[in-house]
Amino acid sequence: MNVTETLSQGLKREFQVVLNAADLKSRLDDGLQGLQGKAKINGFRPGKVPVAHLRRLYGRSVMSDVLQNAVNEANQKIVTDNGLKLAFEPQIRFPENKDEIEAAMEAKGDLAFTVALEVLPKIELADLSDVSLTKPVAEVPDADVDAALERMAGQNRTYSNKGEKAKAASGDRLMISFVGTLEGKPFDGGTGEGIPLDLGAGQFIPGFEEQLEGAKAGETRTVKVTFPENYTATHLAGKPAEFEVTVTEVQAPEAVKIDDELAKAFGMESLDALKTAIREQIGRDFGEQSRRKLKKSLLDALDAKYTFELPPTLVEQEFASVWSHVEVDMKEAKKSFEDEGTTEEAAKADYRKIAERRVRLGLVLAEIGEQAKVQISDDEVTKALVERARQFPGQEKQVWEFYQKNPQALAEIRAPIFEEKVVDHLLEQVKVADQSVTREALYADDEADETAEAKPKKAAKKAKKADAKGEDKAEDASA
């Protein structure tokens, strides 16, 4: 096997591999001899089938295996001898000349093929001793605990019948039945019986609830509405409809009581215990948000530290993923780039920068993790997998089996664990100072970040939030 480098351009490499006929014949003969002891053919005793006969029967099949093994050996030799880290699986290009291929299959001629590679860049880790970060920290306001209690009490609120002559008002609960029509004809999903409707809660199509205010039990009203343009049922989006609505009962909300009985309804011993649990949960939410902002600042600092050539295919794949989400958002919003004050070309350029940032940071985090010898235990993966399975009640077993049988899917479970461990490692190397902030400041969008975004704004914010949550694709480089 002769291997010659024919291209070294940036992160692209190409090698020509030549398997001479003698080598092919030797490999074919070895394969046939190995088959000789296993083949069972009528008319021949086990192990006594002539090699020439085996070659006539199985020569091409064995040669196919020979060539596949030779390709694998060539790939391994190229990577090992040149100390390369591959961004993708090698691309193999065989000769277009069919006669040349046929000659090689018969071990009567040399076979030359090309191995095209895209390699990962060599990354020199930067000194982070000069990096100073601020971690926003917020105390849980009493008002947030009180608001949570109010919501929980509202969820546990009871209603009582107002009587037959009572008129429905905002805040009341109606029990209704209805039949909806489009152009005078009923449509799928337009009929309901015994449906609870809380007036003023905005549960139904805009304009629906308002037309039932003042209604009494036993009253029937014709409600005319127009489905929103972005309605989930596309066959109804933007269309006018009429509903014949019968109010069967009008109920008034009972007074909300925030006391020990409310706490017991939620499984707590007392109101104080419930308040403590609420404060702790809000505190955990604050902690997660604080971590996200600190991580975002760290990633920004890393992005400023590193500049190197990126594997083109990795960038293209990441861009395709980002852009597909943008297109979905635009379609759902039924807007054009012009509506958002930009052009498709300008938006693509900005989103490509986001893709490049994600790839660059992913490679950096992967290299840092490798040099720091960051390890992920089986217990950590199992715990994460259990959490994932719990997201699909009733299907936990199927979810578990899916990940166990799909290494690539399991790698997607491992990747965030790896990334967070690398982030922890980096935070130990930089200066971090806590800064007390309000709840509003903790959750406020950083307007400065928007300069790195492309329009449309909604899609841009989604991309940035994904970036802040760690979707910088370290998993692509580390999996």
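Check the entry above for the structure.
A brief structural summary. (Residues numbered from 1 in each chain as written. Predicted model: local features only at pLDDT ≥ 70, side-chain atom pairs only at ≥ 80, totals over all residues. Heavy atoms only, no water.)

## A word on the overall build of the protein chain
Counting its secondary structure elements, the protein chain contains 14 helices and eleven strands. For the protein chain, the exposed area adds up to about 28,000 Å²; of that, 48% sits on carbon and sulfur atoms. (Helix = DSSP H or I, 4+ residues; strand = E, 2+ residues; numbered from the N terminus. Areas by Shrake-Rupley, 256 points an atom, 1.4 Å probe, with all protein chains shown as cover.)

## As for the pattern of salt bridges
Within the structure shown, the criterion is met by 29 salt bridges. Across the pair K162 and D172 runs a salt bridge whose closest N-O atoms are separated by 2.8 Å. Separated by ten residues along the polypeptide, K162 in the loop between β6 (159–161) and β7 (173–182) and D172 in the loop between β6 and β7 bring together distant segments of the chain. Under the relative-accessibility criterion, D172 is labelled buried at 5%. Linking D424 and R291 is a salt bridge whose minimum nitrogen-to-oxygen distance equals 2.7 Å. Of the two residues, D424 is situated in helix α11 (residues 407–427) and R291 in helix α6 (residues 271–305); the sequence distance between them amounts to 133 residues. With relative accessibility at 36%, the residue D424 sits in the partly exposed group. Taking the relative accessible area as the measure of exposure, R291 reaches 25% and is therefore partly exposed. It is possible to trace a salt-bridge network through shared partners that takes in R291, K295, E419, E420 and D424. (Salt bridge = Lys/Arg side-chain N within 4 Å of Asp/Glu carboxyl O. Buried < 20%, exposed > 50% of the residue type's maximum accessible area, 1.4 Å probe, protein only.)

## Considering helix α3 (residues 98–105)
Two to three positions downstream of the cap, the backbone nitrogen of D99 sits 2.8 Å from a side-chain oxygen, assigning the N-cap of α3 to N97. At the C-terminal side of α3, A107 shows a positive phi close to 60 degrees. (Polar contact = N/O pair within 3.5 Å; in protein donor to acceptor, adjacent residues only side chain to side chain.)

## Considerations on the packing of aromatic side chains
Under the counting rule described, the total for this entry stands at 15 aromatic pairs. Ring geometry for F204 versus F208: centroids 4.9 Å apart, planes at 40 degrees, classification tilted. For F208, a relative accessible area of 1% translates into the label buried. A network of ring pairs unites the aromatic residues F178, F187, F204, F208, F227, Y231 and F243 as a single cluster. Stacked on the ring of F319, the Lys or Arg R352 has its end atom at 4.2 Å from the ring centre. (Phe/Tyr/Trp six-rings, centres within 6.5 Å; stacked < 30°, edge-to-face > 60°. Lys NZ or Arg CZ within 6 Å of the ring centre and 35° of its normal.)

## Focus: the environment of R358
Within the secondary structure, R358 sits in helix α8 (residues 344–371). Take R358: its relative accessible area is 5%, and that puts it in the buried class. Within the structure, R358 has its side chain in polar contact with the side chain of E318 (distance 3.1 Å).

## Points about the side chain of D172
Only 2.9 Å separates the side chain of D172 from the backbone nitrogen of A169, close enough to count as a polar contact. If we ignore the near neighbours within four places in the chain, the residues touching D172 are K162, K167, L197, D198, L199, V250, Q251, A252 and P253. (Contact = heavy atoms within 4.5 Å.)

## Considering unusual backbone geometry
The phi torsion of most residues other than glycine is negative, and most of the peptide bonds are trans. One non-glycine residue, A107, lies in the positive phi region at around 60 degrees. Within the fold, A107 resides in the loop between α3 and β4 (111–118). Despite not being glycine, K373 has its phi angle at roughly 55 degrees, a positive value. Taking the relative accessible area as the measure of exposure, K373 reaches 63% and is therefore exposed.

## Considering the sheet that holds strand β2 (residues 12–19)
Sheet architecture is open: four strands sit in the order β1-β2-β4-β3, paired in antiparallel fashion. What marks the edges here is a single partner per strand, and that holds for β1 (2–9) and β3 (91–93). Looking at each pair of strands side by side, their axes are set apart by 20 degrees on average, direction ignored. Note that β1 and β2 share seven bridges and pair antiparallel. Its bridge partner lying in β2, V3 is registered against V17. (Pairing = 2+ DSSP bridges. Axes fitted to C-alpha atoms, helices over the stretch in contact; angles between N-to-C directions.)

## Digging into the environment of T438
Here T438 shows up in the loop between β11 (431–436) and α12 (439–443). Given a relative accessible area of 45%, T438 falls into the partly exposed group. Sequence-wise, T438 and V140 are 298 residues apart; in three dimensions their C-alpha atoms are separated by 8.9 Å.

## Section: the side chain of K295
Along the chain, K295 turns up in helix α6. Using a relative accessible area of 3% as the deciding quantity, one classes K295 as buried. For K295, the side chain forms a polar contact with the side chain of E420, separated by 2.7 Å.

## A closer look at helix α9 (residues 378–390)
The end-to-end C-alpha distance of α9, which contains 13 residues, comes to 18 Å, matching closely the 18 Å that a straight helix rising 1.5 Å per residue would cover. Buried within α9 are the following residues: V381, L385 and A389. Taken end-on, α9 shows its buried residues confined to a sector of 75 degrees, consistent with a single buried face. Structural note: α9 exposes D379, K383 and R390 on the side pointing more than 90 degrees away from its buried face. Where the residues of α9 are buried, they touch α10 (396–405) and α11. (Expected span 1.5 Å × (residues − 1). Arc of directions from axis to C-beta.)

## Details of the nonpolar core
In terms of nonpolar packing, the biggest core is built from 36 residues, with L133, L302, F308, L363, V422, L426 and L427 touching the most fellow members. Among the elements of the structure, α6, α7 (312–333), α8, α9, α10 and α11 are those that each provide at least two residues to this core. Take this core: its biggest share by element is eight residues, from α11. If we skip the residues at most four places from it in the chain, V422 touches L365, I368, G369 and V374. Among the nonpolar cores identified, the runner-up in size contains 24 residues, and F15, M63, V66 and A74 belong to it. (Core = buried A, V, L, I, M, F, W, Y, C linked by side-chain atoms within 4.5 Å.)

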